[in-house]
Every structure is written in structure tokens, then in C-alpha cells.
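Observations on chain architecture
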Amino acid sequence: MRIVTPAQMRIIEEKSEEYGVPKSKLMVTAGYKLARLIDYHCRGNQNKKIVFIAGAGNNAGDCFVSAELLAEIGYKNISVLMVCGMPKTELAKDMYNDIKECVNVTNDYKKCLPDADIIIDGVFGTGFRGELNKSIADIFRVNTKAYRIAVDVPSGVNSLKGTVSDGAFKADETLTFGFIKIGMTQYPARDYCGTIRVVDIGIPEKAERLPRARKYALIDRKELKNFPPERKSTAHKGTFGKVLIIAGSNTMRGAAYFAVSGALRSGAGLVQLATTGKCIHTVSVLAPEATFIEVPDNVGYMHYSPDVIDLKKYDAVVIGCGMGLTSETVKLTKYVVENSEVPVIIDADGINCIASDIDILLRRRSDIILTPHVGEMARLMKITVKDVSDNRLRTVEKFVSKYKGVTLVLKGAGTIIADRGRMAINPTGNAGMSRGGSGDILAGIIGSVVGQGYKAFEASCAGVYLHGLAGDITARKYTQEAMLPRDILNCLSETFRRIK
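This text gives an overview of the structure that appears in the document. Not measured: the values here are computed from a predicted model.

1. Observations regarding the overall build of the protein
When helices and strands are counted, the protein shows 18 helices and 21 strands. The globule rule puts the C-alpha radius of gyration for 500 residues at 23 Å, and the 26 Å found for the protein is close to it. Projecting the C-alpha coordinates of the protein onto the three principal axes gives extents of approximately 85 × 50 × 45 Å. Sequence separation of at least 24 residues holds for 71% of the intrachain contacts in the protein that already meet a minimum separation of 6. For the protein, the exposed area adds up to about 21200 Å²; of that, 49% sits on carbon and sulfur atoms.

Structural data, given as C-alpha cells:
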């Protein structure tokens, strides 16, 4: 599903005018769709008390159109609460002039809000930045049992960054026009949107084309295209790729197991683990389907031994899970980046191993997929965790703009996948996956999908979506509190049934 930035949406609206659909018509259509939604929630009871909280811009215009339409079909108890004074845009002024005689226009929020049945927020739109002023925040905080609908984006939400002002309108449902705005896919903004409903307001198809702009998408089944691949009766183990996983240490054997099992459970034909002898002893019992390369160890961590690993034998390489950060693992990771001719997935300690010399990515010989969490991303960029958390989208775009051939998977709620020209947001997954081992499974899954012949960006999208959906199925079965990463592995079979 396509999503857009606020700036892209403004361009699309301007181009709509060029192709014969003026903004006034878009506004009327938006107001009509909003009125239909309100009527649906009223279940035909035209005595319900409906309050529109209107600002001074075009979001208010959508509310004015909706209020007039509801009055025309018989709704008797409609109020428009003006919280920013009179409308300031020409479109909003025109729509306001049509409602003054048919609805109650007021600025007394204490009188109209507490007993409202439905409250509609049309104060600020996609251009909101910064903080709400106290008077508007106080209005949004009024205690009420009303159903709360936001117009296009909840007021107080930054629809580019996904950050939220103190006192922002928290909606039960957001009716957004044309496309979801990218900040709405990120947290905490996503929590303030409630159910997101996207409606067509008549934008011409030609106006939606932005050929030179970065492409954004919310991953859904359609985005996965031909994943998983067809398993023909003539297929053999080599058909679905050979994946090398360089992972684990004497004290972090579980990480290697999870990465190996993630690859095996997501369709890889052959999975080989390179690790320490003691780690092999554990993983070979838990995952006997894998094969193994013993790497000499140095106090329990892999020693730099490139002679025991032939990178040319594989279709994908995963490195880093539970590997530890030592001078030897740093040399090993750099060797893989500089010498592998097949895609490399770098996770966990592999990311930490290149953080001090991130420009090694400029010396790569193949596509690279990095899968950092926020802390690892901060180390890569040499900024604070707060800087990353407050600017996830911009941080990702800045990174992939510099490092051509790198696909970045910034993990967390609303995981972001990006390369130089595209960005995708993942909607699956839940807080129950916030346990050690979940990320190792993801690295193995992405390695498996790459090994099966998918390009780095597409493989990352498929892997993240699959991993998150497996987590959602696991949470329903075990609860978020009780679920473990091993349960995610066991639910991958049901996940494949769902997506096929």
C-alpha cells in the first residue's frame, strides 16, 4: 500500500488542480466521506450529539462540509467548536459561510464537549510541527466518553516524523485522504491514530505520479509479490539456496540457534553455521538439519580464520548474531564485507564490529543488508538514541543516501526498510517480540529469503513482514507476556499458510 510524505501529498493536491480536479472538489468529497463515516457510527440515530473541533485551515473546511451535509439529512444536534478563530484559508472561509445558518457555531468547549457522542478533530492537518498551545491541549483533554475521529491526521501529530505533542488528540479512528501519511506509521503517532481508514477523494491518477520522488509503501500481502516461491515437484535442496551463518560464541549459543532455525524454518535449502566448537555442540543437537564449520576460538569467541570459510559456496551470508565484539570478530566481519560476492546480512555484533569503521561499506563487493535496533543505529551514525528515536525516517534516509547498495532495516515498532530509492514500513509484530533471540530469527529469515533468489530490498520486506506476522500469531496463541522466540519459530508454518 502506497504511503506519502506531507510534502508529497501537497504536490499531489497541486497537480490535481492541473489535471482538472480543484482543491474545492477534493474538500467537498472529503467532507462527504467524513459525513458518511459519522452517519455510520450514529447507526441512524440523528439525535446523537456531534461536535466538530475546527481550526482555521483546510481541515476545518472538511469539517464544515461534513457538518452541513449531516444537517441536510436530518441531524439535529451538531456543533462546530471554533478553537483558532475564524477560518484563514479561502476554501475554509467558503465552506464556513455555508454552515452558519444550519449548525451551532460556538467557542464554549466546556458546554458542548462533555456530553458529546462523537467528537471530530479538524484543528491541524499534515503541516503541524512543534507543540500544541495549552488552550487547545486542554480542550483535547476534556473528559468525555465520545467516539473520537481525526480528520486526515490527529492534531498534535507530526505526520512526517511520527512524533507527538503533549496533549495531542488521541483518536479512536482516523479518516485519512488519498494516502496514509508516513509519520502515521511510526510510534508514538500510530497509537494516536486508532484505526486508520484511507478514503479516495477523487485525486486523478496522473496527479499521483511522482517519478523522481522516493517511493514509500506500507507492506501488505500485495507488496510481497511472488513470495514465497513456488515449490515445483522437480525442486531439490539446491533450488532454495545455500545460506552461511557466521554466528554464536561459547556464551551466546542461543543466538546462533535462532538464526539457523529462522533460516531453516523459512525455506532455505541448505544452512551452514560457522562458529566455535562448543556452540556447534549445542546447535547441532537443537537443529540437526544444519551443517557446521568449526572456527578456532579465542577465549570462547571466533578467531579470525578466513581460510576455513569459503564465501564462494553460498547464495547469502548472515553474520553477527551472538558473535561478540572482539578484535578478532571485527577482522572477520570486515573480511566478509570486503570479500563476499553474494549478499551479506549484518546483524547484532556484526553491526557493532563495523561501527568504528562504517565506511567499510563503501568497499563492499555485494549488496549489504543491515538490521540494527535503535541503539545500534545510534552507534553507526555516532548520534544519540534519542536522536534516532525522534527522527527514525530521516535517520534512515540519510544513511542509505550515503551508502549505495546498502539496504537498511531499522527494527522496532513500525520497522523501516529502505535503500536509496525506496522505503517501506512494516505493520506486523507486537511488543511480545521484545525478547533476546527475536532479532536473530529475523536475520536468519532474511538470509533465507535472499538465498532463495530475492533482491535485498524485496527480501528484507518479505522477511520483516513474515517475522512480524509470525509474532502476531504467536501472541494470539501464547499471549505477549508468555511468548518466547522459540514459539515464533514454531508458528512460522501457520504464518506461511496465512500468506499463501
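2. Notes on the packing of aromatic side chains
Counted under the stated rule, the structure contains 8 aromatic pairs. Plain terms: the ring middles of Phe140 and Phe169 are 5.3 Å apart, the flat faces sit at 75° to each other, and that makes the pair edge-to-face. Here Phe169 lies in the loop between strand S6 (147-151) and strand S7 (173-177) and Phe140 lies in helix H6 (residues 134-140), a separation of 29 residues in the sequence. Phe169 shares its class with Phe140; the two are buried. Among the aromatic side chains, those forming a connected cluster through ring pairs are Phe227, Tyr454 and Phe496.

3. Thoughts on unusual backbone geometry
The omega torsion across Tyr187 and Pro188 is 10°, close enough to zero to call that bond cis. By the secondary structure assignment, Pro188 is in the loop between strand S8 (180-181) and helix H7 (189-193). Of note, the amide linkage connecting Phe227 to Pro228 takes the cis form, showing an omega dihedral of -5°. Its place among the elements puts Pro228 in the loop between strand S10 (215-218) and strand S11 (242-246). With a phi close to 80°, Thr479 is a non-glycine residue in the positive phi region. Looking at the secondary structure, you find Thr479 in the loop between helix H16 (456-478) and helix H17 (485-490).

4. Brief notes about the pattern of salt bridges
Counting across every chain of the model gives 22 salt bridges. Its salt-bridge partner being Arg363, residue Asp357 comes within 3.2 Å of it at the nearest N-O pair. Among the residues examined, Asp357 registers a relative accessible area of 23% and is labelled partly exposed. A relative accessible area of 39% places Arg363 in the partly exposed class. In this structure, a network of salt bridges that share partners links the residues Lys134, Asp138, Arg141 and Asp166.

5. Looking at the sheet that holds S11
The mixed open sheet is built from 12 strands, whose spatial order is S8-S1-S10-S21-S20-S19-S18-S17-S16-S11-S12-S13. This sheet does not close on itself; its edge strands, each paired only once, are S8 and strand S13 (291-294). Running over the sheet, helix H14 (residues 392-402) touches S10, strand S18 (368-370), strand S19 (406-410), strand S20 (416-418) and strand S21 (422-425) and is turned about 160° from S19.

6. Details of the packing of helix H12 (residues 374-381) against H14
In the contact formed by H12 and H14, the axes pass within 12 Å of each other and the chain directions differ by 45°. Judged on the interaxial angle alone, H14 and H12 are oblique. By crossing handedness, the relation of H12 to H14 is classed as left-handed. On H14, the residues that touch Val374, Met377, Leu380 and Met381 of H12 are Arg392, Thr395, Lys398 and Phe399. Residue composition of the contact of H12 with H14, grouped by class: 5 nonpolar, 1 polar and 2 charged.

7. Notes on the environment of Asn490
Looking at the element boundaries, Asn490 is found in helix H17. Asn490 gets classed as partly exposed once you look at its relative accessible area, which sits at 46%. Counting along the chain gives 225 residues from Asn490 to Arg265, while the straight-line C-alpha distance between them is 8.4 Å.

8. Section: the pairing of strand S2 (residues 50-54)
In terms of burial, S2 is a largely internal element, 5 of the 5 residues being buried. Side-chain alternation along S2 places Ile50, Phe52 and Ala54 on one buried face and Val51 and Ile53 on a second face that is also buried. The pairing of S2 with strand S3 (residues 78-82) spans 5 bridges and is classified as parallel. Within S3, the residue paired with Val51 across the bridge is Ser79. With helix H3 (residues 58-72) bridging S2 and its parallel neighbour S3, the resulting β-α-β unit is right-handed. Relative to strand S5 (residues 118-122), S2 is paired through 5 bridges, and the arrangement is parallel. Along S5, the bridge assignment pairs Ile53 with Asp121.

9. Topic: the side chain of Ser366
Among the structural elements, Ser366 can be located in the loop between helix H11 (349-354) and S18. Classification of Ser366 as buried rests on a relative accessible area of 7%. Polar contacts involving the side chain of Ser366 include one to the main-chain carbonyl oxygen of Val342, which spans 2.7 Å. Sequence-distant contacts of Ser366, that is, excluding residues within four places in its chain, are made with Ser340, Glu341, Val342, Pro343 and Val344.

Scoring rules and cut-offs
- Residues numbered from 1 in each chain as written.
- Predicted model: local features only at pLDDT ≥ 70, side-chain atom pairs only at ≥ 80, totals over all residues.
- Heavy atoms only, no water.
- Helix = DSSP H or I, 4+ residues; strand = E, 2+ residues; numbered from the N terminus.
- Rg over C-alpha atoms; globule rule 2.2 N^0.38 Å.
- Contact = heavy atoms within 4.5 Å.
- Areas by Shrake-Rupley, 256 points an atom, 1.4 Å probe, with all protein chains shown as cover.
- Phe/Tyr/Trp six-rings, centres within 6.5 Å; stacked < 30°, edge-to-face > 60°.
- Buried < 20%, exposed > 50% of the residue type's maximum accessible area, 1.4 Å probe, protein only.
- Salt bridge = Lys/Arg side-chain N within 4 Å of Asp/Glu carboxyl O.
- Pairing = 2+ DSSP bridges.
- Axes fitted to C-alpha atoms, helices over the stretch in contact; angles between N-to-C directions.
- Parallel < 35°, antiparallel > 145°, perpendicular 65-115°, else oblique.
- Left-handed = near helix turned anticlockwise from the far one by under 90°.
- Nonpolar A, V, L, I, M, F, W, Y, C, P; charged D, E, K, R; others polar.
- Right-handed = clockwise from strand over helix to strand, strands pointing away.
- Polar contact = N/O pair within 3.5 Å; in protein donor to acceptor, adjacent residues only side chain to side chain.

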